[in-house]
Amino acid sequence: MSDLKNKERLDKILSNNGIGTRRDVKHLIRCGKVSVNGVAVFEPEFHADSFSDEICVEGKKLNVEPNAYFMMNKAGGAVCSTKSDRRRTVFEYLSPEDNRMYPGGRLSTVGRLDADTEGLLVITSDGSLIHRVTFPKYEVPKTYLVYLRDVVDDSKKISYEKKLASGIHIAAEGKDGEADCRPAVIEWKDKKLYYTKSGGTPSEVCCLTVTEGKFHEVKRIFKALENEVVYLKRIRINGLFLDETLPEGSYRRLTEDEIRLLDAEEKND
Ligand code: URA
């Protein structure tokens with residue numbers, strides 16, 4: 001990994017490590033009370049590497065808590081936000097210990113899934129990894145298992161494949177305008193090997209791989225193909241696959257190897 005990848009704003013590092021709110025730490029920095037490698041820094045937006053740079057606050061070395069990385073098999077119904085009056089948030093599935101270790105909203109999800117979408121969700125305190133995995137320019141592939149409302153015959157399957165490969169046009173939804181998607185890849189599955197929640201056979205099953213994260217992208221793509229997603233589960237982000245042994249709604253820490261498989265390489269413009 002290059003050095004630049006691990007750098008974060010100084011005010012963010014300080015607030016993430018319990019020195020104070022963003023506002024408090026900005027004040028400390030502007031007053032010259034924070035140094036990086038022995039030199040006072042006055043700009044809150046200065047970028048430092050919290051692991052390799054020595055950061056001191058009022059002469060005392062900052063104790064940096066290592067980043068946390070969790071893989072969750074998100075349950076249908078859970079919402080990817082920090083607060084919700086109506087539903088359980090994905091953060092409420094974490095043990096009190098894991099929540100306690102990361103106060104101040106330090107944990108975030110790597111991208112979002114709709115409330116009714118299940119499957120692979122990564123929760124981490126590593127802001128630069130979130131940026132690399134979710135920022136569109138990195139074109140990180142994400143694969144979804146999709147059950148469709150309607151049967152798709154062989155000739156239609158070919159037409160879906162062509163339309164997806166050339167970048168399908170999707171209609172506006174919510175605040176998101178109409179758009180041309182990046183090319184996506186569809187792989188048809190043997191539906192007899194899959195079950196709906198009620199134990200039946202789905203009408204059609206496929207895996208769709210997209211490389212961007214537009215709002216409701218997968219659902220909008222199948223709407224544009226005059227079909228409808230009736231079940232959606234994310235099974236892959238980059239080289240990281242959902243651990244299918246994780247029961248719905250549970251989670252575990254990622255291994256070092258898995259973090260590497262998830263991470264995206266820095267791309268130059
Ligand atoms: N696309 C969707 O439509 N929903 C999700 O949750 C993820 C991708």
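Residues numbered from 1 in each chain as written. Predicted model: local features only at pLDDT ≥ 70, side-chain atom pairs only at ≥ 80, totals over all residues. Heavy atoms only, no water.

A.B. asks: When you look at the overall build of the protein in this model, what are you seeing that I'm missing?
C.D. replies: A tally of helices and strands in the protein yields 7 helices and 17 strands. With respect to the principal axes defined by its C-alpha atoms, the protein has extents near 70 × 40 × 35 Å. Classification of the 269 residues of the protein by burial places 46% in the buried group. Accessible surface for the protein amounts to roughly 14500 Å². Of this, 50% is attributable to carbon and sulfur atoms. (Helix = DSSP H or I, 4+ residues; strand = E, 2+ residues; numbered from the N terminus. Buried < 20%, exposed > 50% of the residue type's maximum accessible area, 1.4 Å probe, protein only. Areas by Shrake-Rupley, 256 points an atom, 1.4 Å probe, with all protein chains shown as cover.)

A.B. asks: Sorry if this is basic, but what is going on with the sheet that holds strand β3 (residues 39-40) here?
C.D. replies: The strands that make up a sheet pair up through hydrogen bonds in the backbone, lying either parallel or antiparallel. One open sheet holds the 4 strands; their spatial order is β3-β2-β5-β6, and the pairing between them is antiparallel. For this open sheet the edge positions go to β3 and β6 (60-61), each flanked by a neighbour on one side alone. Note that strand β2 (residues 34-36) and β3 share 2 bridges and pair antiparallel. Within β3, the position partnered with Ser35 by the bridge is Ala40. (Pairing = 2+ DSSP bridges.)

A.B. asks: In this structure, what is going on with the site of the ligand? I would like to understand it.
C.D. replies: Close contacts around the ligand come from Leu113, Asp114, Thr117, Tyr144, His216, Glu217, Val218, Lys219 and Leu232, and that covers them all. Within the backbone of His216, one N or O atom sits 3.3 Å away from an oxygen atom of the ligand. Glu217 places a polar main-chain atom, nitrogen or oxygen, 3.5 Å from an oxygen atom of the ligand. Burial of the ligand by the surrounding chains reaches 94%, relative to a free accessible area of 240 Å². If you tally residues by element for the shell around the ligand, the top one is helix α6 (residues 217-224), at 3 residues. Of the residues that constitute the shell around the ligand, the class distribution is 4 nonpolar, 2 polar and 3 charged. Residue assignment places the shell around the ligand across two domains, with domain 2 (65-138 + 249-269) and domain 3 (141-237) each supplying three or more. (Near = heavy atom within 4 Å. Polar contact = N/O pair within 3.5 Å; in protein donor to acceptor, adjacent residues only side chain to side chain. Nonpolar A, V, L, I, M, F, W, Y, C, P; charged D, E, K, R; others polar. Domains from an automatic or database assignment.)

A.B. asks: Would you mind going over the domain arrangement of the protein with me for this structure?
C.D. replies: You'll often see interface size given as the accessible area lost when the parts meet. Examined at the domain level, the protein breaks down into domain 1 (4-61), domain 2 (65-138 + 249-269) and domain 3 (141-237). Spacing between the C-alpha centres of domain 2 and domain 3 amounts to 23 Å. Facing 15 residues of domain 2, the contacting portion of domain 3 comprises 14 residues. At the boundary of domain 2 with domain 3, total buried surface from both sides reaches about 1100 Å², with 45% on carbon and sulfur atoms. Its largest share of buried area at the contact with domain 3, domain 2 owes to Asp114, Glu118 and Leu120, together 44% of the area lost on that side. Along the contact surface separating domain 2 from domain 3 lie 3 salt bridges. Connecting domain 2 to domain 3 are 9 residue pairs in polar contact (both at pLDDT 80 or more). When residues in the side of domain 2 that touches domain 3 are grouped by element, the largest group, 5 residues, is from strand β9 (residues 118-124). Among the residues making up the side of domain 2 that touches domain 3, the classes are represented as 9 nonpolar, 2 polar and 4 charged. (Contact = heavy atoms within 4.5 Å. Buried area = accessible area lost by both parts, 1.4 Å probe. Salt bridge = Lys/Arg side-chain N within 4 Å of Asp/Glu carboxyl O.)

A.B. asks: Which parts of the structure should I look at to understand the nonpolar core?
C.D. replies: One broad rule of soluble globular proteins: the nonpolar side chains tend to lie buried together. Membership of the largest hydrophobic core comes to 37 residues, with the highest contact counts inside it found for Ile123, Val146, Leu148, Leu208, Ile221 and Phe222. Counting only elements with at least two residues in this core, the list comes to β7 (69-74), β9, β10 (142-148), α5 (154-165), β13 (185-188), β14 (204-210), α6 and β15 (229-237). When residues of this core are assigned to domains, at least three fall in each of domain 2 (65-138 + 249-269) and domain 3 (141-237). In terms of nonpolar packing, the next biggest core, distinct from the first, is built from 18 residues, Val122, Leu129, Ile130 and Leu242 among them. (Core = buried A, V, L, I, M, F, W, Y, C linked by side-chain atoms within 4.5 Å.)

A.B. asks: Help me out: how do you make sense of the pattern of salt bridges in this one?
C.D. replies: When charged atoms on two side chains of opposite charge get close, those side chains can pair. Overall, the coordinates contain 22 salt bridges when judged by the stated rule. Across the salt bridge formed by Lys33 and Glu58, the nearest N and O atoms sit 3.8 Å from each other. Within this pair, whereas Lys33 is found in the loop between α2 (22-30) and β2, its partner Glu58 is found in the loop between β5 (55-57) and β6, the two being separated by 25 residues in sequence. For Lys33, a relative accessible area of 38% corresponds to the partly exposed category.

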